[in-house]
Structure formats: structure tokens, C-alpha cells
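Single-letter residue listing:
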Amino acid sequence: MTSAHAPEVGLSVVHRRYVPYSHAHYAGNLVDGAYSLAAFGDVATELCIRTDGDEGLFASYSDVQFKAPVRAGDVIEIEARLVRVGTRSREMDFEVRVVGRGAPERGESAADVLDPAVVATTARGVVVVPPRD
């Protein structure tokens, strides 16, 4: 078992996941914005485990921006980057990027890698962790 590393500004965690069709909420297979916020919670949790040995508790989001759609069938990359370290707070910047997208016009299961990726959602958030011993 390894212990947590000291929290350092610039440290980041990245997850990738496929967006299942069961999450489509709207016409055009659009996924609601809450999907991105839940993904931000997942990367923030891992970042807190890595820096503090604890999952932490989300305190707030600010400056949430939905810049492009996330659709069922997308492959997304979610990043949390540590931008400020307080005594018990950790401020992070978040970004969801669409790195792959279905191409139904070419076939039912056709898909493309997006290069460059499309930035879909950004935010800033604050997580609170227990005091260090």
C-alpha cells in the first residue's frame, strides 16, 4: 500500500469512458450536463485520494460552462487539475473533452477519433479534505 503524495499545484488525473446510450436524455442522443458534473466528481475523488489519502467532499462548483454537446456513443476524457492547495481545501479545474464520436451516417457501429478533441464542459470546483496529521 502506498501513501498519498503531498498535494502540488499542477497535479492532474485523467479518466476516459464511453458514454452509453442508456444516458441519452434528449433528441439527437444528447446527454444532460449532470453527466459531466458526475464525471468531474469521479476525477476529483481520485485526485484527493492521491494527494490526501481520502476521497474528500465536494464543497462547490463555479464557472461551469457547457461549450459543446456530449452525446451517447461518445468517448470522453475527463481531467481534474489541481490549481490551489489550502490547509483543507483543494481547488481544481475540470475539463470534459470528446475524443471519439459515433458516425451513424457510415453505419450503425461506425465511429471516429476526434483530433483535435472537442472541449465539451469546463468548470472549477473546491473539495474539502480532512486535516493532515
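Coordinates for the structure precede this section.
Computed from a predicted structure; not experimentally measured.

## Digging into helix α1 (residues 34–52)
Next, step 1: Along its 19 residues, α1 runs 26 Å from first to last C-alpha, staying within 8% of the 27 Å computed at 1.5 Å per residue.
Next, step 2: Three or more residues of α1 are buried, namely Tyr35, Ser36, Ala39, Phe40, Gly41, Val43, Ala44, Leu47, Cys48, Thr51 and Asp52.
Next, step 3: In this structure, the buried side of α1 is in contact with β1 (12–18), β3 (30–31), β4 (57–66), β5 (75–85), β6 (89–102) and β7 (111–128).
Next, step 4: Just beyond α1, the residue with positive phi is Gly53, at close to 65°.

## As for the sheet that holds β1
Next, step 1: If you trace the five strands from one edge of the open sheet to the other, you get β1-β5-β6-β7-β4, paired in antiparallel fashion. Every interior strand has two partners, whereas the edge strands, β1 and β4, have only one. For this sheet, the mean inter-axis angle between neighbouring strands, taken without regard to orientation, is 25°.
Next, step 2: Bridge count between β4 and β7: seven bridges; the pairing is antiparallel. Residue Ser62 lies in a different strand from β7, and its bridge partner there is Arg124.
Next, step 3: Across the sheet, α1 is in contact with β1, β4, β5, β6 and β7; its angle to β1 comes to roughly 140°.

## Notes on the nonpolar core
Next, step 1: Among the nonpolar cores identified, the biggest contains 23 residues, and Val70, Ile76, Ile78, Met92, Phe94 and Val96 are the most heavily contacted of them.
Next, step 2: Elements with a minimum of two residues in this core: α1, β5, β6 and β7.
Next, step 3: Among the elements that take part in this core, α1 stands out by supplying seven residues, more than any other.
Next, step 4: With near-sequence residues (within four places) excluded, Met92 lies in contact with Ala44, Leu47, Cys48, Ala80, Arg81, Leu82, Val83, Ala123, Arg124, Gly125 and Val127.

## Quick notes on unusual backbone geometry
Next, step 1: Between Asp115 and the following residue, Pro116, the backbone shows a cis peptide bond with an omega angle of 10°.
Next, step 2: Of note, Pro116 is situated in strand β7.
Next, step 3: The backbone of Asn29 shows a phi angle near 60°, a positive value even though the residue is not glycine.
Next, step 4: Looking at the secondary structure, you find Asn29 in the loop between β2 (24–26) and β3.

The rules behind these values
- Residues numbered from 1 in each chain as written.
- Predicted model: local features only at pLDDT ≥ 70, side-chain atom pairs only at ≥ 80, totals over all residues.
- Heavy atoms only, no water.
- Helix = DSSP H or I, 4+ residues; strand = E, 2+ residues; numbered from the N terminus.
- Expected span 1.5 Å × (residues − 1).
- Buried < 20%, exposed > 50% of the residue type's maximum accessible area, 1.4 Å probe, protein only.
- Contact = heavy atoms within 4.5 Å.
- Pairing = 2+ DSSP bridges.
- Axes fitted to C-alpha atoms, helices over the stretch in contact; angles between N-to-C directions.
- Core = buried A, V, L, I, M, F, W, Y, C linked by side-chain atoms within 4.5 Å.

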